[in-house]
Amino acid sequence: MSSNYPLVSLIITSYNRASLISKAIESSLEQDYPNLEIIISDNCSTDNTEAVVKKYLIDPRIKYFRNGENLGMLGNFRKATYEYSKGEYITYVNSDDYLTDNSFVSDCIKLVNRDKDILLVHGRMAFNNTISGVLWEMPEDPYFLKEIWDGRDVFFESMKTGLMSWGACFMKWEAMYNVKSLQSDYHNFDFDSDYKIMLSAKVGFINRLCYMQMGHDDNAGFPADAKKIVQSLECFENVAAYAITKMPDKAAEVEKWKQHFILFTISWGFHSLKEKNKEQYKLFKNEVREIYPDLYRKFINSWKYKKLVILHPIKRILPGNLIGVFRNFKKKFSKNKWS
């Protein structure tokens, strides 16, 4: 292939997703980009994932690897990215998600060919919660109304919009390597990679729905584990420390960025654990109080915390139709566009 068509590695990591992985594979095979490898990294599944994948191996773009032992989610991503893949560019499709636009990879390549300073490209994604039936789609405003952004502007704008994940995210492999992507043990390693790369790059945006993320009982995205959520706060500490090396003149703004997302994650952790596990909720509360006493006090004095301790018990006993009214009210008046 010519330099206009560099090899792209589309990586599907999987563990025990035999019933779901077909859609991820088929949507990847439908990509119209001519120089694509599809890496399937099976994390030593105990179900019939291998049998499901085998029927697709007739397509030479697919390369199937089965780990000899379960490496954990991060370990599987790391092995697939740094050992199995050979592409100059990387994009990921979770084994329970799928791509919705056949030209996503092709259009990412068009952008990076136009401007070599673009090291990241994002398409719009949607989230389909199969439990609650809620479908959310990433809005156009602000990022997707402009095709190319300075990465530092995206970095700071995210305090208004929320963080972008690896759904419909396209990255240069070398840029991932340079920021030591996938080397830290926290579960939100996608934010770590994205927000370090953009500090030295431009970011491209494709204003079409490109990726569908599926929410269900077996999602591993946000753990119901206090220590793991506390550990995830290190991501923002590390990204902020890296950002200051790139923007020493903006140390105060970076500190605000860090505190914003630590506080946001604390809030999310409180809500998530109160729903799922009371013991983990108590443990998380104690951990946060010890590590971030100022942010802990700020949160427990906030309206968000009062809603949690006052309205949450009421919501649990409300009839279904009133819960729907409550959710619609919350959605209508939410200040955070993407959260």
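Each value, and the rule that gives it
- Residues numbered from 1 in each chain as written.
- Predicted model: local features only at pLDDT ≥ 70, side-chain atom pairs only at ≥ 80, totals over all residues.
- Heavy atoms only, no water.
- Helix = DSSP H or I, 4+ residues; strand = E, 2+ residues; numbered from the N terminus.
- Buried < 20%, exposed > 50% of the residue type's maximum accessible area, 1.4 Å probe, protein only.
- Polar contact = N/O pair within 3.5 Å; in protein donor to acceptor, adjacent residues only side chain to side chain.
- Contact = heavy atoms within 4.5 Å.
- Pairing = 2+ DSSP bridges.
- Phe/Tyr/Trp six-rings, centres within 6.5 Å; stacked < 30°, edge-to-face > 60°.
- Lys NZ or Arg CZ within 6 Å of the ring centre and 35° of its normal.
- Core = buried A, V, L, I, M, F, W, Y, C linked by side-chain atoms within 4.5 Å.
- Axes fitted to C-alpha atoms, helices over the stretch in contact; angles between N-to-C directions.
- Parallel < 35°, antiparallel > 145°, perpendicular 65-115°, else oblique.
- Left-handed = near helix turned anticlockwise from the far one by under 90°.
- Nonpolar A, V, L, I, M, F, W, Y, C, P; charged D, E, K, R; others polar.
- pLDDT = per-residue confidence, 0-100.
- Salt bridge = Lys/Arg side-chain N within 4 Å of Asp/Glu carboxyl O.

Participant: Could you give an account of the side chain of Ser95, with specific residues and numbers?
Facilitator: Mapping Ser95 onto the fold places it in the loop between strand 4 (89-92) and strand 5 (98-99). A residue is classified by how much of its surface remains accessible, and Ser95, at 4% relative accessible area, is buried. Here Thr13 takes part through its backbone oxygen, which lies 3.3 Å from a polar atom of the side chain of Ser95. If sequence neighbours within four positions are ignored, Ser95 has contacts with Ile12, Thr13, Ser14, Arg17, Leu20, Ile21 and Ala24.

Participant: Could you give me a rundown of the pairing of strand 3 (residues 62-66), with the residues and numbers involved?
Facilitator: Note: strand 2 (residues 36-42) against strand 3, five bridges, orientation parallel. The residue bridging Asp42 from the neighbouring strand is Arg66, located in strand 3.

Participant: I'd like a description of the environment of Glu26, backed by residues and values.
Facilitator: Tracing the backbone shows Glu26 in helix 1 (residues 21-29). Expressed as a C-alpha distance, the spacing of Glu26 and Tyr98, which sit 72 residues apart in the sequence, is 8.3 Å.

Participant: Pulling in residues and values, what's your account of helix 4 (residues 104-114)?
Facilitator: Helical geometry note: an α-helix holds 3.6 residues per turn, so side chains three or four residues apart project in the same direction. Summarising burial for helix 4: eight of the eleven residues are buried, a large majority. For helix 4, the full list of buried residues reads Phe104, Val105, Ser106, Asp107, Cys108, Ile109, Leu111 and Val112.

Participant: How would you sum up the packing of aromatic side chains? Please name residues and give values.
Facilitator: This structure, assessed with the given rule, holds 26 aromatic pairs. The rings of Phe155, Phe156, Tyr195, Phe236, Trp257 and Phe261 are connected pair by pair, giving a single aromatic cluster. Note that Lys146 overlies the ring of Trp149, its terminal NZ or CZ placed 4.5 Å from the centroid. If you follow Lys274 out to its NZ or CZ, it ends over the ring of Tyr281, 4.7 Å from the centre.

Participant: Residue-level account of the nonpolar core, with values.
Facilitator: Counting residues in hydrophobic clusters, the biggest one holds 97 residues, and the most contacted among them are Phe155 and Phe170. A total of nine residues in this core trace back to one element, the largest contributor, which is helix 8 (residues 226-246). Setting aside residues up to four positions removed in sequence, Phe155 forms contacts with Tyr195, Met198, Leu199, Val239, Ala243, Met247 and Trp257.

Participant: Please provide a residue-by-residue account of the packing of helix 8 against helix 10 (residues 278-291), values included.
Facilitator: For any two helices packed against each other, one specifies the crossing angle of their axes together with the interaxial distance. With their axes 8 Å apart at the nearest point, helix 8 and helix 10 run at an angle of 30° to one another. On the basis of their axis angle, the class for helix 8 and helix 10 is roughly parallel. For helix 8 against helix 10, the interelement crossing comes out right-handed. Residues Ala226, Lys227, Ile229 and Val230 of helix 8 pack against Gln280, Leu283, Phe284, Glu287 and Ile291 of helix 10. Of the residues that constitute the contact of helix 8 with helix 10, the class distribution is six nonpolar, one polar and two charged.

Participant: Can you lay out the confidence of the model for the protein chain for me, pointing to particular residues and giving the numbers?
Facilitator: Looking at the protein chain, pLDDT values average 88 and 86% of them are 70 or higher. Contacts for the low-pLDDT stretch residues 332-339, under 50 throughout, to residues beyond four places or in other chains number 22 contacts.

Participant: Please provide a residue-by-residue account of the pattern of salt bridges, values included.
Facilitator: Tallying each qualifying case throughout the model produces 18 salt bridges. Asp192 is the partner of Lys196 in a salt bridge, and the nearest nitrogen-oxygen pair spans 3.3 Å. Here Lys196 pairs with Asp192, and both are found in helix 7 (residues 189-197), just four residues apart, close to one helical turn. Lys196 sits in the buried class, given a relative accessible area of 11%. The shortest N-O distance in the salt bridge between Glu287 and Lys227 comes to 3.0 Å. With Glu287 in helix 10 and Lys227 in helix 8, the pair connects residues that are 60 residues apart, well separated along the chain. The network of salt bridges with shared partners includes Asp101, Asp107, Lys110 and Arg208.

Participant: Got a sec to walk through unusual backbone geometry? Specific residues and values, please.
Facilitator: Residue Asp141 is joined to Pro142 through a cis peptide bond whose omega torsion reads 5°. Note on placement: Pro142 falls in the loop between strand 7 (135-137) and strand 8 (148-150). Here Asn16, not a glycine, exhibits a phi torsion of approximately 55°, which is positive. When you line up the elements, Asn16 lands in the loop between strand 1 (8-14) and helix 1. Phi is positive for Leu182, close to 70°, though the residue is something other than glycine.

Participant: Got a sec to walk through helix 7? Specific residues and values, please.
Facilitator: Most of helix 7 is tucked away: nine of the nine residues are buried. Those residues of helix 7 not exposed but buried are Phe189, Asp190, Phe191, Asp192, Ser193, Asp194, Tyr195, Lys196 and Ile197.

Participant: Could you give an account of the environment of Tyr5, naming the residues involved and the relevant values?
Facilitator: Residue position: Tyr5 is located in the segment before strand 1. Residue classification places Tyr5 among the partly exposed residues on the basis of a relative accessible area of 39%. For the pair Tyr5 and Leu36, spaced 31 residues apart in the sequence, the C-alpha separation amounts to 9.2 Å. Ignoring anything within four residues of it in the chain, the contact list for Tyr5 reads Tyr33, Pro34 and Asn35.

Participant: How would you summarise the packing of helix 5 (residues 151-161) against helix 9 (residues 251-276) if you had to cite specific residues and measurements?
Facilitator: Where helix 5 meets helix 9, the axes come as close as 10 Å, and the angle between the chain directions of the two elements is 40°. On the basis of the axis angle, helix 5 is oblique to helix 9. Between helix 5 and helix 9 lies a crossing whose hand is left-handed. Here helix 5 contributes Phe155, Phe156, Ser158 and Met159 to the contact with helix 9, which in turn contributes Glu253, Val254, Lys256, Trp257, His260 and Phe261.

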